Amino acid sequence: MKASFKVLLIFFLCLIAGYTTYLASTSIKQQTTSRSTATPQVALDHEVEQVIEPSVTEVTIGMIGDILLHYPIYTYPDFTFAFDAVSEQMQSLDFLLANQESMPAGEQLGLSTYPSFNSPPHIIRDLQKSGVDFVTIANNHTLDKGEQQVLLTIQNLQSYNMPYTGAFASKEDQQKARIINVEDIAVGILAYTYGTNTYVTSHPDGKDYLVSYLDEAKITADVKALRSQVDFIVLSLHWGEEYNTAHNEQQQQLAKNLFAAGADAIFGHHPHVLQPFEWIEDKPVFYSLGNFYSAQPWAGTNVGGIARLTLRKTVTANQSTTETVDAHFLPTTAVRDVYNGHVDAPAFRVMPLQQYGNQMGWDNAYVEQHIGLPTWH
Ligand SMILES: [Zn+2]
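This one's a predicted model, so the numbers in the text were calculated from it and none came from an experiment. (Residues numbered from 1 in each chain as written. Predicted model: local features only at pLDDT ≥ 70, side-chain atom pairs only at ≥ 80, totals over all residues.)

On to the overall build of the protein, then. The helix and strand inventory of the protein stands at 11 helices and 14 strands. Across the 377 residues of the protein, 41% fall into the buried class. The long-range share in the protein, meaning contacts at least 24 apart out of those at least 6 apart in sequence, stands at 72%. (Helix = DSSP H or I, 4+ residues; strand = E, 2+ residues; numbered from the N terminus. Buried ≥ 20, exposed ≤ 12 C-beta atoms within 10 Å, placed from the backbone. Contact = placed C-beta atoms within 7 Å.)

Put simply, Tyr-71 and Pro-72 share a cis peptide bond, and its omega is 5 degrees. Within the secondary structure, Pro-72 is located in the loop between strand 1 (55–67) and helix 3 (80–83). The omega angle of the peptide bond from Tyr-114 to Pro-115 is 5 degrees, so this bond is cis rather than trans. In this structure, His-272 is a non-glycine residue whose phi angle is positive, near 70 degrees. Turning to its location among the elements, His-272 is positioned in the loop between strand 8 (265–269) and strand 9 (274–280).

Where helix 8 (residues 216–227) meets helix 9 (residues 249–261), the closest approach of the two axes is 9 Å, and the angle between their N-to-C directions is 25 degrees. Between helix 8 and helix 9, the crossing angle belongs to the class labelled roughly parallel. Two packed elements cross with a definite hand, and for helix 8 against helix 9 that hand is right-handed. For the pair helix 8 and helix 9, contact is made by Glu-216, Ile-219, Thr-220, Val-223 and Lys-224 and by Leu-254, Asn-257, Leu-258 and Ala-261, respectively. Tallied by class, residues from the contact of helix 8 with helix 9 come to 5 nonpolar, 2 polar and 2 charged. (Axes fitted to C-alpha atoms, helices over the stretch in contact; angles between N-to-C directions. Parallel < 35°, antiparallel > 145°, perpendicular 65-115°, else oblique. Left-handed = near helix turned anticlockwise from the far one by under 90°. Nonpolar A, V, L, I, M, F, W, Y, C, P; charged D, E, K, R; others polar.)

Another aspect to go through is the confidence of the model for the protein. Taken as a whole, the protein shows an average pLDDT of 88; of its residues, 84% reach a score of 70 or greater. Within the model, pLDDT remains below 50 along residues 1–5, and this stretch shows 0 contacts once partners closer than five positions in the same chain are excluded. Of the regions scoring below 50 in pLDDT, residues 7–43 engages in 2 contacts with residues more than four places distant in sequence or in other chains. (pLDDT = per-residue confidence, 0-100.)

Glancing now at the nonpolar core. Grouped together as the largest cluster of nonpolar side chains are 91 residues, with contacts concentrated most on Ala-98, Ile-266 and Phe-267. Sort the elements by how many residues they give to this core and strand 6 (residues 185–193) lands first, with 6 residues. Not counting residues up to four positions away in its chain, the partners in contact with Phe-267 are Met-63, Leu-97, Val-234, Ser-236, Phe-286, Leu-289 and Ala-307. (Core = buried A, V, L, I, M, F, W, Y, C linked by C-beta atoms within 7 Å.)

With that settled, consider helix 5 (residues 122–130). What helix 5 keeps buried is the set Ile-123, Ile-124, Leu-127 and Ser-130. Looking down the long axis of helix 5, one finds its buried residues gathered within 130 degrees of arc, a one-sided arrangement. Of the surrounding secondary structure, the elements contacted by the buried residues of helix 5 are strand 1, helix 3, helix 4 (87–92), strand 2 (95–100) and helix 6 (146–159). Gly-131 sits one or two residues past helix 5 and shows a positive phi near 120 degrees. (Arc of directions from axis to C-beta.)

As a further point, take the pairing of strand 5 (residues 179–182). Note that strand 5 and strand 6 share 4 bridges and pair antiparallel. In the sheet register, Val-182 faces strand 6, and the bridge partner there is Ile-185. Once strand 5 ends, the chain turns through 2 residues before running back antiparallel as strand 6, passing Glu-183 with a positive phi of about 50 degrees. (Pairing = 2+ DSSP bridges.)

Our focus in this paragraph is the sheet that holds strand 7 (residues 232–238). Strand order in the open sheet formed by 6 strands is 5-6-7-8-10-9, and the pairing between neighbours is mixed. Single-partner strands in this sheet number two, and they are strand 5 and strand 9. In this sheet, neighbouring strand axes are inclined to one another by 20 degrees on average, regardless of whether the strands run parallel or antiparallel. The strands touched by helix 8 are strand 6 and strand 7; relative to strand 6, the strand with the most contacts, the crossing angle is about 165 degrees.

Moving on to the environment of Glu-172. Tracing the backbone through its elements, the reader meets Glu-172 in helix 7 (residues 171–175). Through-space distance from the C-alpha of Glu-172 to that of Tyr-209 is 8.9 Å; in sequence the pair is 37 residues apart.

Our focus in this paragraph is the pairing of strand 2. In regular strands, side chains alternate between the two faces of the sheet. Counted residue by residue, strand 2 has 6 buried out of 6 residues, so it is predominantly covered. Pairing geometry for strand 1 and strand 2, over 6 bridges, is parallel. Residue Met-63 lies in a different strand from strand 2, and its bridge partner there is Leu-97. Sheet topology note: the strand 2/strand 3 (residues 134–136) ladder contains 3 bridges and is parallel. When the bridges of strand 3 are listed, Asn-99 appears paired with Thr-136. Handedness of the crossover joining strand 2 and strand 3 through helix 5 is recorded here as right-handed. (Right-handed = clockwise from strand over helix to strand, strands pointing away.)

What follows is the structure, encoded as structure tokens:
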């Protein structure tokens, strides 16, 4: 009895196992049949997807902070010597922005230092020679000498074929989207300032194209209008508290909101000193890039640097995405030095901070730790 029961049990188990296998194979067959008969192109798409590799492009973009031509800097007939020690790094970026804070309207309005700046146009030529591809001109000094200064500065920028944004010659000029193709990555650039010293937060005669004020609703609308035309949106924001080495909560909240609206990276400036870098989710914010080139004498105000982001665009059959995959910062310093052998004439030039050493308590290791990013070379 025991033996026959075992045989019976094994027989039933085999029967169940066999039936289960039959069910499984049938359902796979049914699935396969329904895929291949109902939608034959699915199999074709599948084959095509396997053949086409995603195309990947990587580029580097970056920004240098404030260019503020105080006395005696604005008297120099040539500025290339001032950037020589860092021009190789500046030129190595695929796309480099600079914040031209003192407006280069030229001799016509009289060259001048703080508090009402006016700079010589050849600063544009020499920044361009040193690797700058684009300037932002939305700053608190944009309207130091009024509308005429904006118009003359823009004429000078155009004569050097230097693209710009943040201040405009007309409504039409303002409405032209600023899109730069960095290899096959279309980068859109927008720039805003918290205010202007002369007109505070209003425009002369209501000419609201003359300078772009930092207004969240306006920036959000601009970002949304640009979004579908580009792969990546850079915001240049002139904001924050002067001489404060930390950003504030309002800036952080605004950065979050602008990223949510569709911006991809923020380069901030105005405080004249460096402030920490931060990733907000996967989007980079440099709260303040400090002064790149100025004659301000205080600790920290002689230290700036070159921010560098690596962007990666990945295109597959179905979609295209562009993201920031890493961030670096090269600390620099504006040092007094002799110019053209005139030992009695102080001349200012920019050097890598690592090479210069300690600038009034700021050295390379301190800046790396303060910014929170490694140096690049
Ligand atoms: Zn400023």
